[in-house]
Amino acid sequence: MIPKDTQPSKAGVILLGCIFICCYVMGFAFPDWWWGTHFVAFLPGPWDIVLLAIIGILLTISWITPDHPWLQKIAAISFPRLLERWLPVLVAVLMMLFMANFPIIFDIYGDAYRFGPHLKEVSQHSWTEFFQVILSFDPSLWGGRQMILECVAFFSWLFQVTNENAFDIMNIVCGGLFTGVWIYFILDTVKNRVWQVILTLAGLTAPFMLNFFGHFEVYAPVLLLELLFLVGLVLFNKRPDTKKVLGLLILLLVNVKLHKFGILLAPAWLIIATGYFFKRFSHRIHTWKFVGFGVLAPSLAAGLIVYFFVLGDHRDDRSLLTEALSLDHLFLPLFSPDPPLNRYNLFSPNHFFDLFNLLFFWSPVAILVLLYVLIFHRRSIDKNDRNLVLLGMTMALFMVAFFAINPLLSMPMDWDLFSLPAPALLVITTILVSKTENAPVPMPLIGVALSLALFCLPAFAIHTSPASLSYRLESLCIWNFRSYYEWTARNTGYALNLAGEDEATYTQRKSRILKKLKPYALPKVDREYANLLAEEGRHLLRTKKQPEAALAFLDTAYYYYPDLNVNIAYLMEAHFRLKQFRTAFQYSQKMLALEYPDIRQAYMAVMHCALEAGMYAEALEYSSEYLAQWPEDEKIREINFRLLTGKDLDALKYKFKLRE
């Protein structure tokens, strides 16, 4: 007899489902805010309406249809042993074909933009270099990243394919193995066929799976090895033996080698190893009491010491204007930095909202199922079940760590790194389902789970369309400017150029973006908004040859950030073209003060402007300063001599036109 509280009311399940569906409706209605659920909004018409209509019909049918005995019959269907054995392989192969044919068409997430210049190259490596990397251990935070990139380069050399092809092969193979392991784990852990389908969808439709779809980053093998360790943990608890302990130790070391956050898996291994080799302690350490006081509390204390006293990140300025060391800006600051970076810190509403959106990247179906089990079947669960204790502890460690980590590229752009807790979520959800799978699966829950899976499909679809992806990236930039702030201008440029639209559409989109961002722009300190304005000014100045129109944007950019070096150069150029040489000279002096684009070219600009303006005394001063550093420059030496002697000064400005 199922306990009373494990018989959920239909209304309660529908209410839970409505909360999830509402999040996706909000994403469709307000895509610039709900970046974790807004994918449907960027489907080309009329596909967005068609998908919403299908989901609406599915929800209506599942919510008004009573639970029938045939659901139990489906749940108890028996597969032939051969089919069940090969089903993980079959699904993995199909998923690999899907990954190969629907990759991300333009990748700027994570550090993918860094690899762009080298993707079409074939790397030059050797077996010696490969084994040196594999057998070495780099203790730095980014050592694992470097090792994976070296492996990609090695495979590029070995098979004489481009780095892009090597990345694709790595992603597809890791994605296929991830899929196969996931399906195998479901079949081994849960026998109810309905739950098996739901859990399969929870994993394969989760947006974090984009890591395997042609994403030029290092997280595909990291996610695979993490899943292998967690599944191995569950298999060990089912049938403990020494080989599994040692196998899990090897998996742990590989996880740490691939990514330093793999160390978060270590407490789970230490507990099972201690319990296995010292059985008298086993019943004491596999409890939430021990985990809470023996692992989580010390880990939190150690983290706080590092945060406050070692790195001092509680007062970090979060600014990326200058080159940062590997551990700089590792954690979000506790106190707000100066504007405009003050809108994002450890406890800011924007950070919490980003984390909420991130949950939908991990797996909305898994979170729905997890909440359903915890709310409606909590009495059926042994809270001190070994798997739940170890997986819950691991999940808690991941969540606390990633709560504090600084998303250096902004959370929407750094979703790949922040997807690392997803395998733990999938595995713990599956274990929870296995404890309650004998209870009937309500029709409303099935409808909501299928609907959430359908809501996730556009996350993959829009990444195959330049236009859809362009508009999604534009939306992310608008949210980023209001919150994390950094990288807004760069990513907006990528977004606008991706669609390949005509100039009128481009200008209209750029104007719309500037209008949306203006209420949040701050005078004198807003580097990103000034960059957007300066880029528009550059377009008018150099492409359209309209210096007067360009000045409207360049002057406004100067108002929002007076020290933006590239904008100062454009202002100098615009005034120079308008023959306003004295004003151009003033901006060239600012270029010299900022040493932009470098000190030698800045000197050239200030001398040229001075000569065009007839400011010969100033030209003499700067030419003398220049020759003090570069006395070998014959052209400037001649200009300096003629300025000293006063010979044919009006013709000196033409000397710059003769320089290469």
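Residues numbered from 1 in each chain as written. Predicted model: local features only at pLDDT ≥ 70, side-chain atom pairs only at ≥ 80, totals over all residues. Heavy atoms only, no water.

S.K.: Which residues make up the overall build of the chain, and what values go with them?
M.R.: Assigned secondary structure in the chain consists of 30 helices and zero strands. Across its three principal directions, the C-alpha atoms of the chain cover 105 × 55 × 50 Å. Considering the chain as a whole, with its 660 residues, one finds that 54% of them fall into the buried category. Long-range contacts, defined as pairs at least 24 residues apart, comprise 74% of the intrachain contacts of the chain with a sequence gap of at least 6. Roughly 29400 Å² of accessible area belongs to the chain as shown, and the carbon and sulfur atoms make up 65% of that amount. The distance from the centre of the 56 positive side-chain charges to the centre of the 55 negative ones in the chain is 9 Å. (Helix = DSSP H or I, 4+ residues; strand = E, 2+ residues; numbered from the N terminus. Buried < 20%, exposed > 50% of the residue type's maximum accessible area, 1.4 Å probe, protein only. Contact = heavy atoms within 4.5 Å. Areas by Shrake-Rupley, 256 points an atom, 1.4 Å probe, with all protein chains shown as cover. Lys, Arg positive; Asp, Glu negative; His and termini not counted. Charge placed at Lys NZ, Arg CZ, Asp CG, Glu CD.)

S.K.: Which residues make up helix α20 (residues 466-482), and what are the values?
M.R.: The first and last C-alpha atoms of α20 sit 25 Å apart over 17 residues, in line with the 24 Å expected at 1.5 Å per residue. Counting buried residues in α20 gives 14 out of 17 residues, a clear majority hidden from the surface. (Expected span 1.5 Å × (residues − 1).)

S.K.: Any details on the packing of helix α4 (residues 81-101) against helix α8 (residues 163-189)? Residues and values, ideally.
M.R.: Two elements in contact, α4 and α8, have axes separated by 8 Å at closest approach and are oriented at 150°. In this structure, the crossing between α4 and α8 has a hand that is right-handed. Side by side, α4 and α8 meet where E84, L87, P88, V91, A92, M95, M96, M99 and A100 of the first sit next to N171, I172, V173, G175, G176, T179, G180, I183, Y184 and L187 of the second. Grouping the constituent residues of the contact of α4 with α8 by class yields 13 nonpolar, five polar and one charged. (Axes fitted to C-alpha atoms, helices over the stretch in contact; angles between N-to-C directions. Left-handed = near helix turned anticlockwise from the far one by under 90°. Nonpolar A, V, L, I, M, F, W, Y, C, P; charged D, E, K, R; others polar.)

S.K.: Go over the packing of aromatic side chains, please, and point to the residues and values.
M.R.: Evaluation of the coordinates by the stated rule reveals 54 aromatic pairs. Here Y529 and Y560 contribute two aromatic rings whose centre-to-centre distance is 4.9 Å and whose plane-to-plane angle is 80°, an arrangement assigned as edge-to-face. Note that Y529 is positioned in helix α23 (residues 527-543) and Y560 in helix α24 (residues 547-560), a separation of 31 residues in sequence. By the burial criterion, Y529 is buried, and Y560 matches it. For the pair F585 and Y622, a centre-to-centre distance of 6.2 Å together with 65° between the ring planes defines the contact as edge-to-face. Of this pair, F585 sits in helix α26 (residues 581-594) while Y622 sits in helix α28 (residues 616-629); the two residues are 37 residues apart in sequence, bridging distant segments of the chain. Grouping residues by exposure puts F585 and Y622 together as buried. One aromatic cluster is present, formed by F20, Y24, W33, W34, F353, F356, F360, F455 and W479 through successive ring pairs. Sitting over the face of the ring of Y113, R490 holds its NZ or CZ atom 4.1 Å from the ring centroid. Its guanidinium or amino end placed over the ring of Y471, R509 lies 3.8 Å from that ring's centre, counting from NZ or CZ. (Phe/Tyr/Trp six-rings, centres within 6.5 Å; stacked < 30°, edge-to-face > 60°. Lys NZ or Arg CZ within 6 Å of the ring centre and 35° of its normal.)

S.K.: Tell me about empty space enclosed by the protein, residues and numbers included.
M.R.: Using the criterion set out here, one finds one cavity of 30 Å³ or more in the structure. Estimated volume of the largest cavity: approximately 50 Å³. Every residue lining the largest cavity is listed: V222, E226, N255, H259, F261, G262, F398 and L420. Taken together, the residues of the lining of the largest cavity sort by class into four nonpolar, three polar and one charged. (1 Å grid on protein atoms, 1.4 Å probe; cavity = no way out; pocket = protein on both sides within 12 Å on 5 of 7 lines; lining within 4 Å. Points joined across faces, edges and corners; volume = space filled by probe spheres on them.)

S.K.: Give a detailed account of the side chain of S623, specifying residues and quantitative values.
M.R.: With respect to the helices and strands, the residue S623 is situated in helix α28. Residue classification places S623 among the buried residues on the basis of a relative accessible area of 0%.

S.K.: Please give an account of a nonpolar patch on the surface that cites residues and values.
M.R.: A grouping of L82, W86, V89, L90, V93, L94 and L97 is seen on the molecular surface, where their side chains present a nonpolar patch of about 690 Å² in accessible area. Secondary-structure assignment places V93 in helix α4. With relative accessibility at 42%, the residue V93 sits in the partly exposed group. (Patch = residues over 30% accessible without salt bridge, like charges linked within 9 Å, V, L, I, M, F, W, Y side chains within 5 Å. Salt bridge = Lys/Arg side-chain N within 4 Å of Asp/Glu carboxyl O.)

S.K.: So, the environment of K524: which residues are in play, and what are the values?
M.R.: For K524, the location among the structural elements is in the loop between α22 (503-517) and α23. For the pair K524 and Y113, spaced 411 residues apart in sequence, the C-alpha to C-alpha distance is 29 Å. Residues within four places of K524 in sequence aside, it is in contact with Y559, Y560, Y561 and P562.

S.K.: Outline helix α21 (residues 488-498), supporting the account with residue identities and numerical values.
M.R.: Taken as a whole, α21 has its buried residues at T488, A489, N491, T492, A495, L496 and L498. On the buried face of α21, the contacting elements are α20, α22 and α23. One or two residues past the end of α21 sits G500, with phi positive at roughly 65°.

S.K.: Can you tell me about the side chain of S410, naming the residues and giving the values?
M.R.: Structurally, S410 can be placed in the loop between α17 (386-404) and α18 (422-436). Judged by relative accessible area, which is 2%, S410 ranks as buried. Non-local contacts of S410, meaning those with residues more than four positions away in its chain, are made with N480 and Y484.

S.K.: Which residues make up the pattern of salt bridges, and what are the values?
M.R.: Applying the stated criterion to the full structure yields 22 salt bridges. Notably, a salt bridge pairs R145 with E217, separated by 3.1 Å at the nearest N-O pair. In this pair, R145 sits in helix α7 (residues 143-159) while E217 sits in the loop between α9 (193-204) and α10 (219-238), placing the two residues 72 residues apart along the sequence. Through salt bridges with shared partners, one network takes in D111, R114, R145 and E217.

S.K.: Run through the confidence of the model for the chain, naming residues and quoting values.
M.R.: One rule of thumb: low pLDDT means the predicted coordinates there are not for detailed reading. Of the residues in the chain, 96% reach a pLDDT of 70 or more, and the chain-wide mean stands at 92. Below a pLDDT of 50 lies the segment residues 1-5, which in the model reaches nine contacts outside its immediate sequence neighbourhood of four places, other chains included. (pLDDT = per-residue confidence, 0-100.)

S.K.: How would you summarise the environment of I599 if you had to cite specific residues and measurements?
M.R.: Mapped onto the elements of the fold, I599 is located in helix α27 (residues 599-612). Not counting chain neighbours up to four residues away, the residues in contact with I599 comprise L592, Q629 and W630.

S.K.: Residue-level account of unusual backbone geometry, with values.
M.R.: With an omega dihedral of 5°, the bond running from P339 to P340 counts as a cis peptide bond. Counting through the fold element by element, P340 comes out in the loop between α14 (288-310) and α15 (349-362). Its identity as a non-glycine residue notwithstanding, S410 has a phi of 85°, on the positive side. The residue W487 is not glycine, and still its phi comes out positive at about 75°. The residue W487 is located in the loop between α20 and α21 in this model.

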